[in-house]
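A look at the structure
Take a look at the letters that make up each chain.
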Amino acid sequence: MITISRRRFLALAGGVLATGCTAAREADIVVPSPNDFGTSPTTTSTVPGVVTSVSSTEPAPFGNNVLVLVELRGGNDAINTLPPLTGAYRDLRPTIALPETDLVMSEHFGPHGLHPSLAPLVDLADAGRLATLAGIGFEDPDRSHFVSLDRWARADRMDDGLGWLGRWIDTLPDELPSLGATALGGSGDVLLGAKAPGTVIDGVDAFAFPTLLSNGSMRALGDSPADSSHGSNDPMLAAARRAFVDSVGATEEFDPIADAVRSRVPEREPGDLGPALGAFTTGLAVAAEMILGDVGTRVVSISVNGFDTHSDQLAQHADLLSDLARGLTQFWATLDEVGAADGVLVATTSEFGRRVAENASNGCDHGAAGVSFVMGNSIVPGLSGALDTADLLDGDLRPLIDPRVLMTACLDWLGADVEQIIGQRHDDVPIIA
Amino acid sequence: MNQQRAVGWLHRRAGLGLHPDDLAAAVARGAAAELAAISAPPTELADPWAALELDPQDGGRADAVLAWIGALHGSTQPFQDRRTLLLHGWLVSAIDKVRFPELMVEQIRLFMNNGGDSFPDLLRSITTNPAMLVYLDGRTSTAEAPNENYGRELLELFALGVGHYTEDDVQSAARALTGWIVRREDNLAQFVLRRHDATPQTLLGVAGIDDVDSVISAVVDHERHATFVATRIMREYLGELTGSAASDVIEALRSAYLDGDQRLDPVIVRALELGLEDLGGPHEMGSMVLAPIPWLMICARATGVGLRALQRGGSGAFRDMGQVPLLPPGVAGWPAGVEWLTTSAVVARTRLAATIAEATDQSEPLAIAMSDEDFDLAAQHLGLGDSFTTSTMSAIRSTTDPAARLAIALVSPENLLA
């Protein structure tokens, strides 16, 4: 990933600080299964009906709002997520348009239906806790994943090589604790600041150092005095040294979180072929435990791959959205049950939407505008914007809502100085009530 | 020049590490001779999967990965194997979408067998490679509905880079490449004329483009292509250089590409020569983070630990470290640099280092050097020059357990780098 690598390097070489790092990994949060050389994104082992019990942990006292970003990586097909009820949708998609009878109809989505996999979100919408931003995307869209990912990660401000949340973290008077800014899967690019890289955790079970080695030894690799003979100003050596300090801190903090998540996941009964525990469900369960676990978490970025649906998209897209809806509703139920939801805002993102016309592979190609959902107890609920097939931009949905509108809301939520971080406020659509 | 350091650098940067006995012999030859020797085309090409009947289901996937890891572990052609890994992360396909292990393996064989040939020819071959036709949807791209997935990535990620083509170019390439399918009965690529759009397209300003050959010719004749290749090789072998250091290197590598019949090997060799010059002189280029697979091979080969012990480390270890063979995370391949060192990945590498240390035979030179507390010799055995860093030394001295000490050496910041 060329642009991001360079940007990270420049951030390091700029001398502000040589840091550990976050990765452009697109691997998902998975519950590892044995004998596994790489699990496909959503088919991991195996737990039905997770996260129903109340955490034994008391809710953290909320002096500080929390933001959870949920990234649908690969370019979510907005128009099958939120199919317009009128216009050319069905004509342009003879094969992959969703049957009208399958759509979920709800007043909260205006002149659109909702993908049947997202039906669980209707309860949240009925409760006034869901906002839908239809037609979100940057002006002058680019159909490259990497250009678009970069623009989203940096709020379209390309001068400093940092993520927009990383810039906010840089403004805080005190360094965040180990799990203060954590990416669960994905790249963590949005968290990259000049002072610290953010923590990346890719799975629940393997995030602990081996018993052979003490935390003291591991910490010594990073925090004992730097050295002259091996190039003490080598930014990569400095980054590797810092990675050990960060990792020891993060594993120590994460240990009880992982235990709590595991305790919520019942053993699967033999012969139970219920739905697998997907990447969104796991990631959001971890996020809930972090928020309840009083570890100082302010931002969590969850990223799940698989939305680049050029071919045979129907089943794959349905599974991903189903996992998303289940993860979001369980997350919210977990927090709500202990009264911790008021301080939490959730927003979904994706680098672009997809072409309105289908291709010949039962899928669709890269497009422009997409759709974001925002969840919270203090939001302006309902639909903003629209997916309008009558006014396309080169075959794509036309961007109507600048992503920086969403970012402005998120930064307000965190109490940040919006102008300092993304240049100027974007208040075209009210999101926070 | 310090040959101990230079030869160690060479085998860490462009190879898969060496057993201490082999490293000593290489040091005796010297870095220049060693570079010439390892970059010479091998006389015999082994096929890691020759004896395997690959189950199309999940079992075959693990078998295919393991056979490749085994071949890397015993490699006598580490330069070529690193080039294959480079190509696997550059002209990317991934088994999660391709599904059939045999197709992925056939693509890796293409890189092994033809990676040293003309790069334009390799681009021609990969364009109709069955795994690629599946991965980037060429097999379903028709005159009626061209799928632009491959055309876009060919221009953006394989040969030119963002900003050097237009959306019209993407569509022209897609149209000219329509008509290829993968036959169900034998998984071979086939051109089907009635699915092909024979209308001549204009691509990158070149008219009359209507097939694989003309598409690739237009792309590789583009002024930007050699710079793109040079930049890619620089990033792979010398890291993310900046400023005039980068532009000088790119210019040199560009010439090496154009003067070397557009083959990659002369470019890689030139990059390594420049790296060795820097190592012996100004030492301004800095370190690179080793990707997980080369790092693992360096550890296993230096300790003499066998493949079976690595398997005990858990086959999920590759995923946890962030690099599963045959499964690049996306069409742009794997990340690079500090992006390999996430909190999660550092923990995973440490777990694997502990497994390797515990499996190391006490009669191995590296184990002996560690137990003799001759830590400078241990650093030399790993190809790290003359000593460990002072912080690694303090970590090693924080324990008396020999396995723990070896594990610390294997996962030390300097051994994660090259």
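Residues numbered from 1 in each chain as written. Chains lettered and ligands numbered in written order. Predicted model: local features only at pLDDT ≥ 70, side-chain atom pairs only at ≥ 80, totals over all residues. Heavy atoms only, no water.

**A few points about the environment of L296 of chain B**
Residues and elements named next belong to chain B. Here L296 shows up in helix 16 (residues 292-303). A relative accessible area of 2% means that L296 is categorised as buried. For the pair L296 and L310, spaced 14 residues apart in sequence, the C-alpha separation works out to 9.0 Å. With residues up to four places along the chain from it excluded, the contact list for L296 reads L310, F318, M321, L352 and I356. (Helix = DSSP H or I, 4+ residues; strand = E, 2+ residues; numbered from the N terminus. Buried < 20%, exposed > 50% of the residue type's maximum accessible area, 1.4 Å probe, protein only. Contact = heavy atoms within 4.5 Å.)

**Description of the sheet that holds strand 7 (residues 370-375) of chain A**
All names here are of chain A. Across the sheet, which stays open at both edges, the 8 strands sit in the order 4-3-5-1-6-7-2-8 with mixed pairing between neighbours. With partners counted over all chains shown, the strands left at the sheet margins are strand 4 (199-201) and strand 8 (382-385), one partner each. With direction set aside, neighbouring strand axes in the sheet form an average angle of 15°. With 4 bridges joining them, strand 3 (residues 181-184) and strand 5 (residues 299-304) adopt parallel strand pairing. Bridge pairing links L184 to I302 in strand 5. (Pairing = 2+ DSSP bridges. Axes fitted to C-alpha atoms, helices over the stretch in contact; angles between N-to-C directions.)

**Regarding the packing of helix 14 (residues 243-259) of chain B against helix 15 (residues 264-280) of chain B**
Residues and elements named next belong to chain B. At a closest axis distance of 8 Å, the pairing of helix 14 and helix 15 adopts a crossing angle of 145°. The two elements helix 14 and helix 15 cross, and the hand of that crossing is right-handed. For the pair formed by helix 14 and helix 15, the contact residues are V249, A252, L253, A256 and Y257 on the first element and P266, V267, R270, A271 and L274 on the second. (Left-handed = near helix turned anticlockwise from the far one by under 90°.)

**Some remarks on the pattern of salt bridges**
All names here are of chain A. Considering all chains together, one arrives at 38 salt bridges over all chains under this definition. Among the salt bridges present, the one from R154 reaches D150, with a minimum N-O distance of 3.0 Å. One end of the pair, R154, and the other, D150, are both in helix 5 (residues 145-154), 4 residues apart, so they sit about a helical turn from each other. (Salt bridge = Lys/Arg side-chain N within 4 Å of Asp/Glu carboxyl O.)

**A few points about the interface of chain B and chain A**
Residue-level contacts link 80 residues of chain B with 72 residues of chain A. Across the chain B to chain A interface the summed buried area is about 6,000 Å²; carbon plus sulfur atoms make up 62%. When the buried surface of chain B facing chain A is broken down by residue, R319, E339 and T343 of chain B rank first, second and third, together holding 12% of it. Viewed at the interface, chain A and chain B are joined by 2 salt bridges. R355 of chain A serves as the salt-bridge partner of E148 of chain B, at 2.7 Å between the closest nitrogen and oxygen. Applying the counting rule to chain B against chain A returns 16 residue pairs in polar contact (both at pLDDT 80 or more). Ranked by the residues each element gives to the side of chain B that touches chain A, the list is headed by helix 19 (residues 343-359) of chain B, at 8 residues. Each residue belonging to the side of chain B that touches chain A can be placed in one class, and the counts come to 36 nonpolar, 26 polar and 18 charged. (Buried area = accessible area lost by both parts, 1.4 Å probe. Polar contact = N/O pair within 3.5 Å; in protein donor to acceptor, adjacent residues only side chain to side chain. Nonpolar A, V, L, I, M, F, W, Y, C, P; charged D, E, K, R; others polar.)

**Here we look at helix 7 (residues 101-114) of chain B**
Residues and elements named next belong to chain B. Between its first and last C-alpha atoms helix 7 spans 20 Å; for 14 residues at 1.5 Å apiece the expected length is 20 Å, and the two agree. The element helix 7 is extensively covered by neighbouring structure, given that 10 of its 14 residues are classed as buried. Every buried residue of helix 7 is listed here: P101, L103, M104, V105, Q107, I108, R109, L110, F111 and M112. (Expected span 1.5 Å × (residues − 1).)

**Digging into the nonpolar core**
Counting residues in hydrophobic clusters, the biggest one holds 231 residues, and the most contacted among them are V68 and F331 of chain A together with I233 of chain B. Sequence-distant contacts of I233 of chain B, defined by excluding residues within four places in its chain, comprise L86, W90, L238, L253, L264, V267, I268 and A271 of chain B. Of all hydrophobic cores here, the second largest spans 39 residues; its members include L133, L176, L191 and I431 of chain A. (Core = buried A, V, L, I, M, F, W, Y, C linked by side-chain atoms within 4.5 Å.)

**Examining the environment of L366 of chain B**
Residue and element names in this part refer to chain B. Inspection of the secondary structure assignment puts L366 in helix 20 (residues 365-371). The sequence separation of L366 and L10 amounts to 356 residues, and the corresponding C-alpha distance is 19 Å. Not counting the four nearest positions on each side in its chain, L366 is found in contact with A302, T303, A378, H381, L382, L406 and L410.

**Here we look at the confidence of the model for chain A**
Residue and element names in this part refer to chain A. Model confidence for chain A is summarised by a mean pLDDT of 83, while 80% of its residues fall at 70 or above. Ignoring residues within four places in sequence, the model shows residues 1-63, a span with pLDDT below 50, making 204 contacts including any to other chains. Contacts from residues 272-276, a stretch scored under 50 in pLDDT, to residues over four places away or in other chains number 11 contacts. (pLDDT = per-residue confidence, 0-100.)

**Topic: a negative patch on the surface**
Taken together, the side chains of D372, D374, D376 and D386 of chain B make up a negatively charged region of the molecular surface. Residue D376 of chain B is classed as partly exposed on the basis of its relative accessible area, which comes to 40%. (Patch = residues over 30% accessible without salt bridge, like charges linked within 9 Å, V, L, I, M, F, W, Y side chains within 5 Å. Areas by Shrake-Rupley, 256 points an atom, 1.4 Å probe, with all protein chains shown as cover. Lys, Arg positive; Asp, Glu negative; His and termini not counted. Charge placed at Lys NZ, Arg CZ, Asp CG, Glu CD.)

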